[in-house]
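Report on the structure
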Amino acid sequence: MSRLAAHPFSPSAGRRLDDDAELAGRLMSPALPPDSAGQLPTSESALPASAPPASPALDFSRVSVRFKDGTQALEQLSLSVAVGEFVSLVGPSGCGKSTLLRLAAGFQTASGGAVSTQQDALGYVFQDATLLPWRSVLHNVELPGELRGMAPGERRRRAREAIRRVGLAGFERHRPAQLSGGMRMRVSIARALTMQPKVFLFDEPFGALDEITRERLNEELLAIFVAEPYAGLFVTHSVPESVFLSTRVVVMSARPGRILADIAIPFPYPRPPELRYSTDFAKLAGRVSAALREVTS
Amino acid sequence: MSAGAAAANAPAAGTAAPRKPRSVGRILAPFLVLVGVLVLWTLASRLLLDPDRRFLLPPPDEVLRKGVLEGANLAEVLDALWSTTRVALVGLAIAMVLGVALAIVMSQARWVEYSVYPYAIVLQTIPILAVVPLLGFWFGFDFQSRVIVCVLVSLFPMITNTLYGLKSVDVGHHDLFTLFGANRLQRLVRLQLPAALPAMITGFKISSGLAVIGAIVADFFFRQGDPGIGRLIDVYRQRLATEQLMTALVLSSLVGLALFFVFDLWGTYVDDRRLGKATR
C-alpha cells in the first residue's frame, strides 16, 4: 500500500485528522430535529476549509423521475460530484438511490430536470459482478474496449494492467465460476477501470460480500481513488462503509427521494483501516445513522 | 492490493462444480434395467406363448440370431438405416439452422415474434400423417420430401429453446452492454447467442430424436428413391418377420440415441468450459 498518497485533487488533502477544533465544530451541529425532516436545506454546505470543487463531472439538476405506474421515485433532486469527490448515497430501500445511478448511466431517462456526465469515461459497478460466464477473466475485462472498438493490443494492455491493479494477476485465464464473490467483484472493478473513468458509479457493489472481504475491498477502492481520482457516487446500506469511503455522505428520504442531509467526512486520504475504530469515525457514523433513523421512522 | 490477498479468498480448484463424476452406479443401474427387461421378455416369449404363436414376440436371442448374426439380414437393415440416417441428418441440420435463424429474427423485433410464433406452434399441432401425402403431391416422393418432413417435425423445439435462451439473458448483462454502447449485432453475437447456447443445445437434443422419427415416418409414405428403414419395417410387417422388425426398431432408436449423445457431450463440454473445468 506504499504507493498510496494524498492526491492534490482530494478535497481533504492536507487537512489533518487531528484538526480537532474543526471536526468538533462539525460534530457539534445537532442531529436533525424529528419534526423538520421535510424542511431541511437540501445541502449542508461543505467546510470552508475544503478546496473549491472542480467543475462537476457528474451533475443532477432538479431531477425528477416518475414511473409509468405513477410512482414518484425522485423529486427535484440536485446533486453535483466533482472529480476528487467520493459521495455515498444512503437511504431507505426504494428511495431512488439506484435510480439516480441508472439516470447517470443512461439506462433510464428523467421525467424532469437535467443530468450531465461524461458518458465515454463512465465506470459502473453493478450490484452483481455481471461477468459473462463463458469468458475468462481477461476477456471479461477486455469487453468494454472490444465493444467500443479499441485496438486489440491497446485493450489487452489496459485489461492486464487493470487486472494487476485489483490484485488478480495470475487469474487471467480463470472463468468467473472459479472465483470467489470478492474476486468476481474485483474483476468487475477492473473491467470498469479499463475505461479510465472520470465518473465512477457503484450500485451497492459489496452488499453480498462478507464483512472482511467488504472492508478489504473498501480499502482497495480507496487506493485506486487516491492514485487516480474520479468523481465517485456510491450507493450503500452500510453506514460505516459510507463514512470510511466518502468525502460526503448524502442521506436520502423515502420515496419520493430527496436529499435530507449532506454530511461532509473530513478525514484525509489515504485512510488507514484503523480509522474505523477512532472516536471521530464513530461520531460521524453516529450522525449518519441518526439522520437515517429520522428518514426511516 | 496484493495477489496474495486475492489468492487467500480463492476457492479450492473445482469446488465451483456441482456436477458429480459419473459413478459406477450411473452405468450399472440402466444396465440392470436392460437385463431385467431381457429376462422378462425371454420368459414371456418362451413360457406364455405357444411355439406357433411365438412369432408375435420372438425371444431376444432369436432376434439376435436372425436379425443381427445373419449377415444378409443385417446388411439389409443397415443399408436402409443409412439411407434414413442421411435423411435425418440433412433434415436436422436444416432444422437447426432454420430454427436458430427464425428465433434470432423473432428475438430482434417483437412484431416478428407476434406474427410468426403462432405458426411455429401450429407446426407442433398439425397431424404430420395428414400433411405427408400433401408434401408428396407437391414435392415428389423422393429424398426432398422426406427431408421436409424431418424439418417440419424437428423445427419447433429448435425455435422455442433458442428463443427462450435469447430472451432470458440477464438484465444486468443487458445494462452492461448498454453502458458500453453496444450495437444490436454486438449484443446478439457477444451476449445473446453465447448466453442462449445451452438452451440451444437442449433444443438440438430434443430435435435429434424427432428428426430420426420424421425420416422413418416419411419413408413409410414416400416410396421412391433409396428405400429407408420405414419401408423395410413395412416389408417385415407383411412377411411377419418379427425378428428383423425388432432389429430394425432397435437399431433405428440407436441412431437417435447416438445423435442425442453427441449433443449431450457438446452440452457437457460447454458447461465444463464455463466452470473452468475443460482445458481450452
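Look a little higher up for the structure.
On a predicted model such as this, the values are computed, not experimentally measured, just so you know. (Residues numbered from 1 in each chain as written. Chains lettered and ligands numbered in written order. Predicted model: local features only at pLDDT ≥ 70, side-chain atom pairs only at ≥ 80, totals over all residues. Heavy atoms only, no water.)

1. Observations regarding the overall build of chain B
A count of helices and strands for chain B gives 11 helices and zero strands. Shown N-terminal to C-terminal, the secondary structure of chain B runs as helices and strands in the order α-α-α-α-α-α-α-α-α-α-α. Relative to the compact-globule value of 19 Å for 280 residues, chain B shows a C-alpha radius of gyration of 24 Å, a clear excess of over 25%. Overall, the C-alpha framework of chain B stretches about 85 × 50 × 30 Å when taken along its three principal axes. Split into buried and exposed, the 280 residues of chain B put 41% on the buried side. Accessible surface, chain B as shown: approximately 15000 Å² in total, 70% of it carbon and sulfur. Taking the average location of the 25 positive side-chain charges in chain B and that of its 18 negative ones, the two points are 9 Å from each other. (Helix = DSSP H or I, 4+ residues; strand = E, 2+ residues; numbered from the N terminus. Rg over C-alpha atoms; globule rule 2.2 N^0.38 Å. Buried < 20%, exposed > 50% of the residue type's maximum accessible area, 1.4 Å probe, protein only. Areas by Shrake-Rupley, 256 points an atom, 1.4 Å probe, with all protein chains shown as cover. Lys, Arg positive; Asp, Glu negative; His and termini not counted. Charge placed at Lys NZ, Arg CZ, Asp CG, Glu CD.)

2. Considering the overall build of chain A
In terms of helices and strands, chain A carries eight helices and nine strands. By residue count, 57% of the 297 residues in chain A fall in the buried class. Counted over contacts in chain A with a minimum sequence separation of 6, partners at least 24 positions apart contribute 72%. (Contact = heavy atoms within 4.5 Å.)

3. Some details on the interface of chain B and chain A
Taken together, the contacts link 30 residues of chain B with 39 residues of chain A. Here chain B packs against chain A, burying approximately 3000 Å² in sum over the two surfaces, 62% of which is carbon and sulfur. Where chain B packs against chain A, one counts two salt bridges. As a salt-bridge pair, glutamate 146 of chain A and arginine 190 of chain B come within 2.2 Å of each other at their nearest N and O atoms. Here chain B is connected to chain A by seven residue pairs in polar contact (both at pLDDT 80 or more). For the side of chain B that touches chain A, the secondary-structure elements that each account for two or more residues are α1 (3–8), α8 (171–179), α9 (184–221) and α11 (242–274) of chain B. It is α8 of chain B that provides the largest number of residues to the side of chain B that touches chain A, a total of seven residues. (Buried area = accessible area lost by both parts, 1.4 Å probe. Salt bridge = Lys/Arg side-chain N within 4 Å of Asp/Glu carboxyl O. Polar contact = N/O pair within 3.5 Å; in protein donor to acceptor, adjacent residues only side chain to side chain.)

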